[in-house]
Amino acid sequence: VVPEWITECGGHSAGPATDALAALRDHLAELQLPQLAHGRRAIVLFEGPQGASKKFALKQITAAFDPCHVAVHATAFDRREANDGHWLARFWRQLPPAGHTSIFFRSWYRRVLDDRVLGRTSEDSVPRVFDEINEFEAQQRDYGTLLVKLYFDVSADVQEQRLALRRQNPWWSRIAVEDFIRGDDVAYQHALDEMRANTDTRWSPWRTIDGDDEHQAALAALEAIAEAWSKAMPSEPPQLVTTPRVA
């Protein structure tokens, strides 16, 4: 018998989606092996408003990969980081070493989404920020790093239902650190449209995930990651270099 609290938290759900997620996790675990063997770097971004199924999808990918070679970075607004040195500096410090993956739960795109809507990023600086982001991502590509950018979308009704459930938990108000922005907010939608128009590049395109159903969102996210890994990682083991014998 499954305890009631597990079902309420979404921790147990029988059905085809659960089976498909398990199969995808196994597939991703296999795809990580050539990444480790060849020392390839990878970055995965999880962007989107609160209540868009990002956290559920994140749990699926971290359950798939070897945790010794994955780091998750949750990006919140940091006034000190924003005003001390270049704003991208903290992300440079979080880039993955050889054979590792860095997952950003929110990322440098907060600068042109949440921070822009909340007035923390000046409108005059937005074009320059887009240029800096594109240059930063191009540098990762040039260095051989795989970059997968996932944007989780969610309808206003579903977002409100999920956040209403969170607000019923008395602990949530003590741990919530993000300023709430509705996904259908006009200013947010304008910022999102400009972000897509300026940063959906051929070397790092955006993949949009429908977050209304968290299991289907996780499936779509893992499928996108698996497809990117399959294309980017070598299919053959690296050749061992041996020292020739001297006669």
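Values in this document were obtained by computation on a predicted structure and should not be read as measured data.

Participant: Can you walk me through the sheet that holds strand S5 (residues 206–210) in this structure?
Facilitator: Backbone hydrogen bonds are what pair the strands of a sheet, in a parallel or an antiparallel way. Reading across from one edge, S2-S3-S1-S4-S5 is the order of the five strands in this open sheet, with parallel pairing throughout. One side of each edge strand has no neighbouring strand; the edge strands of this open sheet are strand S2 (70–74) and S5. Strand-to-strand twist across the sheet, computed as the mean angle between neighbouring axes with direction ignored, equals 20°. Strand direction decides the pairing type here: strand S4 (residues 146–153) and S5, joined by five bridges, are parallel. In the sheet register, Asp153 faces S5, and the bridge partner there is Asp210.

Participant: Sorry, what's going on with the pattern of salt bridges here?
Facilitator: Opposite charge on two side chains makes pairing possible when the charged atoms of those side chains draw close. Applying the stated criterion across every chain, the model contains 12 salt bridges. A salt bridge links Glu194 to Arg116, with the nearest nitrogen and oxygen atoms 2.9 Å apart. Taken together, the residues Glu194 in helix H10 (residues 186–199) and Arg116 in helix H6 (residues 114–117) connect sequence positions 78 residues apart. Between Arg182 and Glu160 there is a salt bridge, and its shortest N-O distance comes to 3.8 Å. Of this pair, Arg182 sits in the loop between helix H9 (172–175) and H10 while Glu160 sits in helix H8 (residues 156–167); the two residues are 22 residues apart in sequence, bridging distant segments of the chain.

Participant: What exactly am I supposed to notice about unusual backbone geometry here?
Facilitator: Most peptide bonds take the trans configuration, and most residues that are not glycine carry a negative phi. One non-glycine residue, Ser53, adopts positive backbone phi at about 75°. Relative to the helices and strands, Ser53 resides in the loop between strand S1 (42–47) and helix H3 (54–64). A residue is classified by how much of its surface remains accessible, and Ser53, at 8% relative accessible area, is buried. Unusually for a residue other than glycine, Arg106 sits at a positive phi of about 75°.

Participant: What am I meant to see in the nonpolar core here?
Facilitator: Generally speaking, a soluble globular protein has its nonpolar side chains buried in company with each other. Judged by nonpolar contacts, the single largest core of 36 residues is most densely connected at Phe46, Leu150, Phe152 and Trp229. Elements that contribute at least two residues to this core include exactly helix H2 (16–38), S1, H3, strand S3 (101–105), S4 and helix H11 (214–232). Excluding residues that lie within four positions of it along the chain, Leu150 makes contacts with Val44, Leu45, Phe46, Glu47, Trp206, Arg207, Ile209, Ala221, Ala224 and Ile225. Leu45, Tyr109, Val112 and Val129 belong to the second largest nonpolar core, which has 24 residues in total.

Participant: Is there a simple way to think about H8 in this case?
Facilitator: Every α-helical turn comprises 3.6 residues, leaving residues that sit three or four positions apart pointing alike. Its 12 residues place the ends of H8 16 Å apart at the C-alpha level, agreeing with the 16 Å of an ideal helix rising 1.5 Å per residue. Among all positions in H8, only Ala156, Val158, Gln159, Arg162 and Leu163 are buried. Seen from one end, H8 has its buried residues packed into an arc of 165°, which puts them on one side. In H8, those exposed residues whose orientation departs by more than 90 degrees from the buried face are Asp157, Gln161 and Leu165. Where H8 is buried, its residues touch H11.

What counts, and where the lines are drawn
Residues numbered from 1 in each chain as written. Predicted model: local features only at pLDDT ≥ 70, side-chain atom pairs only at ≥ 80, totals over all residues. Heavy atoms only, no water. Pairing = 2+ DSSP bridges. Helix = DSSP H or I, 4+ residues; strand = E, 2+ residues; numbered from the N terminus. Axes fitted to C-alpha atoms, helices over the stretch in contact; angles between N-to-C directions. Salt bridge = Lys/Arg side-chain N within 4 Å of Asp/Glu carboxyl O. Buried < 20%, exposed > 50% of the residue type's maximum accessible area, 1.4 Å probe, protein only. Core = buried A, V, L, I, M, F, W, Y, C linked by side-chain atoms within 4.5 Å. Contact = heavy atoms within 4.5 Å. Expected span 1.5 Å × (residues − 1). Arc of directions from axis to C-beta.

Honestly, it's all geometry; don't read function into it.
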